[in-house]
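Residues per chain are reported as follows:
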Amino acid sequence: MTYAITQTCCSDATCVAVCPVNCIHPTPQERSFGSTEMLYIDPATCIDCGACADACPVDAIFPVDSLPDAQKNYAAVNAAHFAGVEPGPSGTGPNFHHWSAPTFARSLPSDFAPIRVAVVGTGPAGMYAAEDLLLHTPAEVTLVDRLPVAGGLVRYGVAPDHPATKKVGETFARFHTHPRVRMRLGVEIGKDITAEELAAHHHAVIYAVGASADRRLGIPGEDIPGSISATTFVSWYNAHPEVAPDVIDLSAERVVVTGNGNVALDVARILVTDPSKLAESDIADHALAALRTSKVREVVLLGRRGPEHAAYSGPELLALHHLPGVELVVDDHDPRIGATIDSAAPNEKAALLRGATRETVDWSRTPVSRRRIVFRFHSAPVAVLGDGTVRAARVTGGPGELDIPAGVLLRAVGYRGLPVAGLPFDEASGTVPHEGGRVTGRTGTYVVGWIKRGPSGGIGANRVCAAETVGTLLADAVGGALPSPAGSSKAFRRLVRSRSRHVVDARGLAAIDRAELARGREDGRPRVKFGTVPELVAAAKGGRPRLPS
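Computed from a predicted structure; not experimentally measured. (Residues numbered from 1 in each chain as written. Predicted model: local features only at pLDDT ≥ 70, side-chain atom pairs only at ≥ 80, totals over all residues. Heavy atoms only, no water.)

## Some details on the overall build of the protein chain
Across its full length, the protein chain holds 19 helices and 23 strands. Rg of the C-alpha trace for the protein chain: 24 Å, near the compact-globule value of 24 Å for 549 residues, within the 12% margin. Projected onto its principal axes, the C-alpha coordinates of the protein chain cover approximately 70 × 65 × 50 Å. Taking all 549 residues of the protein chain together, 54% fall into the buried category. Pairs at least 24 apart in sequence give 74% of the contacts found in the protein chain among residues at least 6 apart. (Helix = DSSP H or I, 4+ residues; strand = E, 2+ residues; numbered from the N terminus. Rg over C-alpha atoms; globule rule 2.2 N^0.38 Å. Buried < 20%, exposed > 50% of the residue type's maximum accessible area, 1.4 Å probe, protein only. Contact = heavy atoms within 4.5 Å.)

Here it is in structure tokens:
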């Protein structure tokens, strides 16, 4: 019996580190790491030890003979990754592959003095950087976030019906109470304190603020009410405090989504999933109520190119095939679409659409009563139509343009970083200019994650990204290039509390967590999140265990 990695793989490579026979690939040392959709276990060399399953932070690894029905095809997915690859040399012991030379990523002088580092942003990128510093150096870390709760993209970006993926947050949460960590949540750089004030109280500052804006379509009618970014929709169903509960109207039967990446699949899936299943998740209360009364029966995914170029991952597409009561349809309006699907090799994403219904959709008809997701490739939006609210999307495809009636249009064509107060910014790429993570022209200032490299790569890609940035920071520290802070940790605490009424520390964060879990138990759900800043701050002031302040 061998093991297989499944859909929820976050690619952070914790499993690679514990595998005794080097059967999980790509590893962080291999060039393809970060470019594949997930990690894979080689069935020819797996020895069934289970170490990877124990280490996986998102419960993505199972014995092949214990795979749930919806994930049995991942045995073949894992094996296919190694098809045609020559196995490593065998030996007399359990290690059947050559090992690379050992590396010691964090080797510091014995007299290395502790440094104080602020990390702005508590999502995966920031927490991987904090983890690296705490596990490999004597550094003191101040975690700063503009919201009064930690989690970033794990809390507000991962779909609620992906609870296993959210479990990576538990890995990060163990550092929230680390004795060398101080949390200053509810503090916004550029509003409550300046970047210069933050730097004056630390040897170094790492910005892990992500890419929170959405890319625009640049077409007429894009700002008509009902034309909404997928970023907003995702924040809405995840109870982000900066998105109003009534921002989404689900009174129409059809929704058009522009884009065919994983976010597009996420929003489509949430819109057509049985609300009784979503009630088993931590979806926002207001979103659950809206979906229970939703009239949406059809979600149309527009892709500018063909199915062979779709940006979504194979695992996310496979998950749609197992949605109860939901039909997958390919709009067969262009002869290239069917030909591409039929000729695709088994390991190509286009082949995963062979089981979908194919029809030339008549958009003049109202959506059918059953719920369905329609893939319309080789079709791009050229205008959003409506007077006071969206009534249709004008798209290309076929002999000319046509109008697809819809009550909502969701833009899911990518994220974009925003300027960071006090830092240089590249408008073209939406990132902060840097060299190995060191901000150009800013001594002691660093970036990590999407604000560093652009909006690409999943959760696990941030581990490698953070390792590079922390390595650059430590090289600067050893070389004496970091400035000495003028203010102490206590002085910084006093400063932020004098500027913000909403500062939450580790004890307050623990109180929020307890309160949300208690609300969930009352409703028979895993968690019910607070959806406003006042609610979060009030919960933080509840009963507090004694933790570092």
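## Topic: the nonpolar core
If you look at the biggest cluster of nonpolar residues, it comprises 71 residues, and the most contacted ones within it are Ile24, Ile41, Ile115, Ile206 and Leu473. If you tally residues by element for this core, the top one is helix 4 (residues 124-136), at 7 residues. What Leu473 contacts, discounting residues up to four positions off in sequence, is Ile115, Val117, Ala204, Ile206, Tyr446 and Leu482. (Core = buried A, V, L, I, M, F, W, Y, C linked by side-chain atoms within 4.5 Å.)

## Describing the side chain of His203
With respect to the secondary-structure elements, His203 resides in the loop between helix 8 (195-200) and strand 8 (204-207). We classify His203 as buried; its relative accessible area is 18%. When near neighbours in sequence (up to four residues on either side) are disregarded, His203 contacts Pro114, Ile115, Arg116, Gly444, Leu482, Pro483, Ser484 and Pro485.

## As for the sheet that holds strand 18 (residues 402-405)
With antiparallel pairing, the 3 strands of this open sheet are ordered in space as 16-17-18. The outermost strands of the open sheet, each flanked by one partner alone, are strand 16 (381-386) and strand 18. Taken over all neighbouring pairs, the strand axes of this sheet differ in orientation by 30° on average, direction set aside. Strand direction decides the pairing type here: strand 16 and strand 17 (residues 390-395), joined by 5 bridges, are antiparallel. Looking at strand 17, one finds that Leu385 is bridged to Ala392. (Pairing = 2+ DSSP bridges. Axes fitted to C-alpha atoms, helices over the stretch in contact; angles between N-to-C directions.)

## Some remarks on the sheet that holds strand 14 (residues 357-359)
Taken in spatial order, the 7 strands of this open sheet run 10-19-11-12-15-13-14, and their pairing is parallel. Pairing within the sheet leaves two strands with one partner each, and these edge strands are strand 10 (227-229) and strand 14. Each adjacent strand pair in this sheet contributes to an overall mean axis angle of 25°, direction not counted. Relative to strand 19 (residues 408-411), strand 11 (residues 254-258) runs parallel, the two sharing 4 bridges. Bridge pairing in strand 19 links Val256 to Leu409.

## Structural notes on helix 19 (residues 533-540)
Inspection of helix 19 places Leu536, Val537, Ala539 and Ala540 among the buried residues, and these make up the whole buried set. Considered in projection along helix 19, the buried side chains sweep an arc of 160° and stay on one side of the axis. Elements in contact with the buried residues of helix 19: helix 5 (153-156) and helix 18 (506-523). Here helix 19 starts with a cap whose side-chain oxygen sits 3.2 Å from the backbone nitrogen of Glu535, and that cap is Thr532. (Arc of directions from axis to C-beta. Polar contact = N/O pair within 3.5 Å; in protein donor to acceptor, adjacent residues only side chain to side chain.)

## With respect to the pairing of strand 19
Here strand 19 shows a buried face lined by Val408 and Leu410 and a second buried face lined by Leu409 and Arg411. Sheet topology note: the strand 10/strand 19 ladder contains 3 bridges and is parallel. Note that in strand 19 the partner of Ser229 across the bridge is Arg411.

## Regarding empty space enclosed by the protein
Enumeration over the complete set of coordinates arrives at 2 cavities of 30 Å³ or more. In this structure, the largest cavity occupies an estimated 90 Å³ of space. Lining the largest cavity we find 14 residues, and of these Cys9, Cys10, Ser11, Cys15 and Cys56 sit closest to its centre. When the residues that make up the lining of the largest cavity are grouped by side-chain class, the tally is 11 nonpolar, 2 polar and 1 charged. Lining the second largest cavity are 13 residues, and of these Cys19, Cys23, Cys46, Cys49 and Cys52 sit closest to its centre. Classifying every residue of the lining of the second largest cavity gives 11 nonpolar, 1 polar and 1 charged. (1 Å grid on protein atoms, 1.4 Å probe; cavity = no way out; pocket = protein on both sides within 12 Å on 5 of 7 lines; lining within 4 Å. Points joined across faces, edges and corners; volume = space filled by probe spheres on them. Nonpolar A, V, L, I, M, F, W, Y, C, P; charged D, E, K, R; others polar.)

## Observations concerning the confidence of the model for the protein chain
With 95% of its residues at a pLDDT of 70 or more, the protein chain has an overall mean of 92. Here residues 88-99 is modelled with pLDDT under 50, and outside its nearest four sequence neighbours on either side it reaches 19 contacts, counting other chains as well. pLDDT under 50 marks residues 543-547. Its contacts with residues more than four places away, or in other chains, come to 14 contacts. (pLDDT = per-residue confidence, 0-100.)

## Thoughts on the environment of Ala467
Residue position: Ala467 is located in helix 16 (residues 461-478). Leaving out residues up to four positions away in the same chain, Ala467 has contacts with Arg106 and Asp132.

## Overview of the pattern of salt bridges
The full count for this structure, using the stated rule, is 36 salt bridges. We note a salt bridge from Asp161 to Arg269, for which the minimum N-O separation is 2.6 Å. Highlighted residues: Asp161 in the loop between helix 5 and helix 6 (163-166) and Arg269 in helix 10 (residues 262-272), separated in sequence by 108 residues. Each of the salt bridges in this network shares a partner with another, and the network as a whole consists of Asp214, Arg216, Glu222, Asp223 and Arg411. (Salt bridge = Lys/Arg side-chain N within 4 Å of Asp/Glu carboxyl O.)

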